[in-house]
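# Chain and residue survey
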Amino acid sequence: AAYALRTAGLYERAEPRFTEAEEAFVGLGMGDDAARTRIGHVEALRYLGRYDDGIALANRNLEYLRSRGPSFGLDIARQTINLGLVRWRRGDLEEALRCFSDAREYGRKERIRELAATASMNIGLVLNELGRFGEALKADLSAIQDFRALDARERLATVLMNLGLLHISRGEDGQALE
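Now for a quick tour of the structure. Quantities reported herein were computed from a predicted structural model and do not represent experimental measurements.

## Brief notes about helix α8 (residues 133–150)
Taking 1.5 Å per residue, 18 residues should reach 26 Å; α8 reaches 25 Å between its end C-alpha atoms and fits that length. Residue Asp151 follows α8 closely and has a positive phi angle near 55 degrees.

Okay, structure coming up:
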């Protein structure tokens, strides 16, 4: 129910369902499932503007996931991206950048192209906000290449829009229109 409510954008209703699901999993001795549920819970907290709660939950969850070993690498990367998104929304741009860079590194190392591309897309946005336009362009172009190769058209459209915003930030209105 929590994920369905989150997907529908009903974050106020989803948040307590996440807590209930996590508690139920823990009560059943299913800590790994509780940890995976917390990944979505952090996202719901971000959308509710409860950044401190989201950061605290993500950090506790990352500690648990790391204790479970290398087989939880993808879960760690997903939680790290969500932590980066919360930190970005809170204005902790350098911390957000570190989170996205860590996730991208894992995605590249494990050849999980969609993860690496998503992290690159987020890196591009944060770098643009930091005024580091050359680095942002490089991150965006990497994400574009990966999303094209994956035929991920919606994600490709998003990063192309981000590229347009980058050109506007650089005062390159003509290129932004392309």
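## Focus on the side chain of Thr118
By the secondary structure assignment, Thr118 is in helix α7 (residues 113–129). Leave out the neighbours within four places in its chain, and Thr118 touches Ile81, Phe147 and Arg155.

## Details of the packing of helix α6 (residues 93–109) against α7
The N-to-C vectors of α6 and α7 enclose an angle of 155 degrees; their axes lie 8 Å apart at closest approach. Comparing their axes, α7 and α6 come out roughly antiparallel. Note that α6 runs across α7; the crossing there is left-handed. Residues Leu93, Ala96, Leu97, Phe100, Ser101, Ala103, Arg104, Tyr106, Gly107 and Arg108 of α6 form the contact with α7, whose own contacting residues are Leu115, Ala116, Ala119, Ser120, Asn122, Ile123, Val126, Leu127 and Glu129. Looking at the contact of α6 with α7 residue by residue, the class counts come to 12 nonpolar, 4 polar and 3 charged.

## A look at unusual backbone geometry
Of note in the backbone geometry, Arg111 takes a positive phi value of approximately 60 degrees without being a glycine. With respect to the helices and strands, Arg111 occurs in the loop between α6 and α7. Judged by relative accessible area, which is 76%, Arg111 ranks as exposed. One non-glycine residue with positive phi stands out, namely Asp151, at about 55 degrees. With respect to the helices and strands, Asp151 occurs in the loop between α8 and α9 (153–169).

The rules behind each value
Residues numbered from 1 in each chain as written. Predicted model: local features only at pLDDT ≥ 70, side-chain atom pairs only at ≥ 80, totals over all residues. Heavy atoms only, no water. Helix = DSSP H or I, 4+ residues; strand = E, 2+ residues; numbered from the N terminus. Expected span 1.5 Å × (residues − 1). Contact = heavy atoms within 4.5 Å. Axes fitted to C-alpha atoms, helices over the stretch in contact; angles between N-to-C directions. Parallel < 35°, antiparallel > 145°, perpendicular 65-115°, else oblique. Left-handed = near helix turned anticlockwise from the far one by under 90°. Nonpolar A, V, L, I, M, F, W, Y, C, P; charged D, E, K, R; others polar. Buried < 20%, exposed > 50% of the residue type's maximum accessible area, 1.4 Å probe, protein only.

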